[in-house]
Amino acid sequence: MRAAPPPLAGGTSGAEALRPLLDTVLDALHDGARARGGPLPPGGPETVAARVAALGAVLPEHGTDPHEALRTLVHAVAEGAADPAHPLCAAHLHTPPLALAVAADLAASALNPSMDSWDQAPAASALEAEVTAALAAEVYPAAGRPDALVTTGGTESNQLALLLARERHGRVHTVVGANAHHSFHRAAWLLGLPRPVTVPTPDGTLHPAALAGALKGLDGPVLVAATAGTTDEGLIDPIPALADVCAAHGAELHVDAAYGGPVLFSRTHRHLLDGLDRARTVTVDLHKLGWQPAAAGLLAVRDAADLHVLGHTADYLNADDDTEAGLPDLLGRSLRTTRRPDVLKTAVTLRALGRAGLGALVDACMERAQDLADLVEKSPALELRARPTLTTVLFRPVTAAEPTDGATSAGSADGATPTEAAGATSTDEDLAAIRRTLLAEGHAVLGRAGADGRLWLKATLLNPHATPGDLARLITLVEGSTHR
C-alpha cells in the first residue's frame, strides 16, 4: 500500500500539522543558539563546513522523518549561525528580525500566495496595495498620487529606479557619488546604460558643488543618485542642496535610502531626511532599520503614473477580459513573476507597533551608536573616525606612532602624516587580523570599511536590545586583541 503523502501547511488541517513541527523547530533553535554560545560559531570556515558535512547525506535514498530532519538541520544552522540577535554581532546591515514579523512570515509561507495574479492572492494583493500606499505617503506626504513597489531590497529597488528613468528618457546618464552603493554600476550594465559618472566623495558624502561640476559636462537626460545611509559609514548626503543642483541643471534625483529611510518613523531624527520627497524615486529597506526578515524592500515613486511602463500581459495570469471585468492586474507590480507575500510581515509590524513604536526602535539603535562612540573616545587605545550619523560607528586601534587624541590629519615633525609615520599597510593588516581573530574565536562580528585612506573596524548597531554593557564588552574584546 502506498504511504500517505506528508501533510500540508494550508487548509483547515494545516495548523494542526504545523503545531508539533514548530515545537521541534523552536527547540532546535533554542538548543542550537545555546550550543553556539556567542555571536557566531568558533573555528572559522573549515570547522563550520566540517560540522555540516558530518551531518551525512543531503539526499539519502530513504528519508529519516520530519522531526529528525528538522531537529538535526535547524540545530546545525542555528549553532553555526552569525546571529544578528546577539549584541556582539554588529558587522553589517543584518537585522535581528522582530519575533512578530517572523511569526507573520510563517503564515505567509503556510498560505503561499503568489503575488502575480489576483486569483492566487486575493487578500494579500489588496493588503499590499494598502501598505504600499501608506508607506509611499510616508516618503511623499504632500504628493497627490505616490505609490511604492515591494522589492527584495536596495539592489532591486535601485535597478528599478534606473529602469524607470531609462523608459522615461531613453539613454540616460547616471551620476553617483563614490559613496554610492555598488548596485548602481551593476544596474547600468544590466540595462545597457552608460557607465555611471562617479563623483569623488573625499569626506564620505556627495558635495553639491562637486555634483554641479559633474553635471556641466553631461549632455542629455541625467539621473542623480544620492544616498541616505552609506554602507560604509552610515552618512547622509545633503539632499536639499543636491535637489537644488538637480533642479538647476534639469536632472532627476533618486535617493537610495535603503539604510536611512526608516528614520522617517522617528520624530526625533526624521529631520535628517529633509528633502527626501524632492526625489522622483526613493529606495527604502525594512529589513534594515525596520527589523523584518529578509526580504523587505520598497521603491517609492512620487507619481504612480511612472509605474505604468512596467505593465505586462500574460494571458494565463492577466487576460484582458479578466482585467476589464475588474480582476486586479498584478504583473505590473514587479519584474518578478512568482513572488512571496512579503507585505504580510510588514503589515503586521506596522499594525502592532505603529509609527511611534517603530520610531522608538530607531531611536534606541541611534542612541546605542552614540554610546559606542563615547566609549571609543574614552579609550586611549582606540580612535574614532567620527560621531555617527545613523547607527554605524567606525573605529580602530591606535598604534604607538599614531596620535591618541583622535586627530588624523596633522603632520608630524618630519612632514609625514600620522598614517605615513605609522605605516598604513602594516597597521591595516593588523586591524584586518584583529577582525578575523574575533571571528575565528566566535567572540564578535565586526565589519571593515575604508575611509580617510585607512581601514577601520565597523560596528553597525541594529539591535534595540543591546545595552551599554554589551558595547563595553565589545570595546574590551577589541582592546584585548590589540595586545596579542
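Overview of the structure. Computed from a predicted structure; not experimentally measured.

Here is what the cut-offs are and how they apply
Residues numbered from 1 in each chain as written. Predicted model: local features only at pLDDT ≥ 70, side-chain atom pairs only at ≥ 80, totals over all residues. Heavy atoms only, no water. Helix = DSSP H or I, 4+ residues; strand = E, 2+ residues; numbered from the N terminus. Rg over C-alpha atoms; globule rule 2.2 N^0.38 Å. Areas by Shrake-Rupley, 256 points an atom, 1.4 Å probe, with all protein chains shown as cover. Lys, Arg positive; Asp, Glu negative; His and termini not counted. Charge placed at Lys NZ, Arg CZ, Asp CG, Glu CD. Buried < 20%, exposed > 50% of the residue type's maximum accessible area, 1.4 Å probe, protein only. Contact = heavy atoms within 4.5 Å. Polar contact = N/O pair within 3.5 Å; in protein donor to acceptor, adjacent residues only side chain to side chain. Axes fitted to C-alpha atoms, helices over the stretch in contact; angles between N-to-C directions. Parallel < 35°, antiparallel > 145°, perpendicular 65-115°, else oblique. Left-handed = near helix turned anticlockwise from the far one by under 90°. Nonpolar A, V, L, I, M, F, W, Y, C, P; charged D, E, K, R; others polar. Salt bridge = Lys/Arg side-chain N within 4 Å of Asp/Glu carboxyl O. Pairing = 2+ DSSP bridges.

Thoughts on the overall build of the chain
Regarding its fold elements, the chain presents 15 helices and eleven strands. Against the compact-globule benchmark of 23 Å for 484 residues, the chain has a radius of gyration of 25 Å, which places it among compact chains. In the form shown here, the chain has an accessible surface area of approximately 22700 Å², with 56% of it arising from carbon and sulfur atoms. Charged side chains of the chain number 38 positive and 56 negative; the gap between the two group centres comes to 1 Å.

So, the environment of Asn179
Among the secondary structure elements, Asn179 is positioned in the loop between strand S2 (173-177) and helix H7 (183-190). The exposure class of Asn179 is buried, given its relative accessible area of 13%. Along the primary structure Asn179 and Trp456 are separated by 277 residues, whereas in three dimensions their C-alpha atoms are 16 Å apart. If we ignore the near neighbours within four places in the chain, the residues touching Asn179 are Thr201, Gly204, Thr205, Leu206, Thr227, Thr230 and Asp237. Among the polar contacts listed, one links the side chain of Asn179 to the backbone oxygen of Gly204, at a separation of 3.0 Å. For Asn179, the side chain forms a polar contact with the side chain of Asp237, separated by 3.0 Å.

Some details on the side chain of Glu128
Following the sequence through the fold, Glu128 ends up in helix H5 (residues 122-139). Other than its neighbours up to four places away in sequence, Glu128 contacts Met115, Val150, Arg333, Arg339 and Val343.

Quick word on the packing of helix H6 (residues 154-169) against H7
Two packed helices can be described by the angle between their axes and the distance between those axes. Interhelical geometry of H6 versus H7 gives an angle of 50 degrees and a closest axis separation of 9 Å. What the angle tells us is that H6 and H7 run oblique. As for the relative orientation of H6 and H7, their crossing is right-handed in sense. Of H7, the residues touching H6 (which contributes Gly154, Thr155, Asn158, Gln159 and Leu162) are Ser183, Phe184, Ala187, Ala188 and Leu190. Here the residues of the contact of H6 with H7 are counted per class, giving five nonpolar, five polar and no charged.

Considering the pattern of salt bridges
One pass over the structure, following the stated rule, counts 24 salt bridges. Here Arg387 and Glu377 are joined by a salt bridge, their closest N and O atoms 2.9 Å apart. On the criterion of sequence distance, the pair formed by Arg387 in the loop between strand S8 (382-384) and strand S9 (392-397) and Glu377 in helix H12 (residues 343-378) is long-range, its members being ten residues apart. In this structure Arg387 comes out as partly exposed when scored by relative accessible area, which is 35%. Beyond isolated ion pairs, a larger network of salt bridges with shared partners links Asp105, Arg340, Asp342 and Lys345.

A closer look at the pairing of S2
Among the five residues in S2, four count as buried, and that is most of the element. As paired elements, S2 and strand S3 (residues 197-199) share three bridges and run parallel to each other. Residue Val175 lies in a different strand from S3, and its bridge partner there is Val197.

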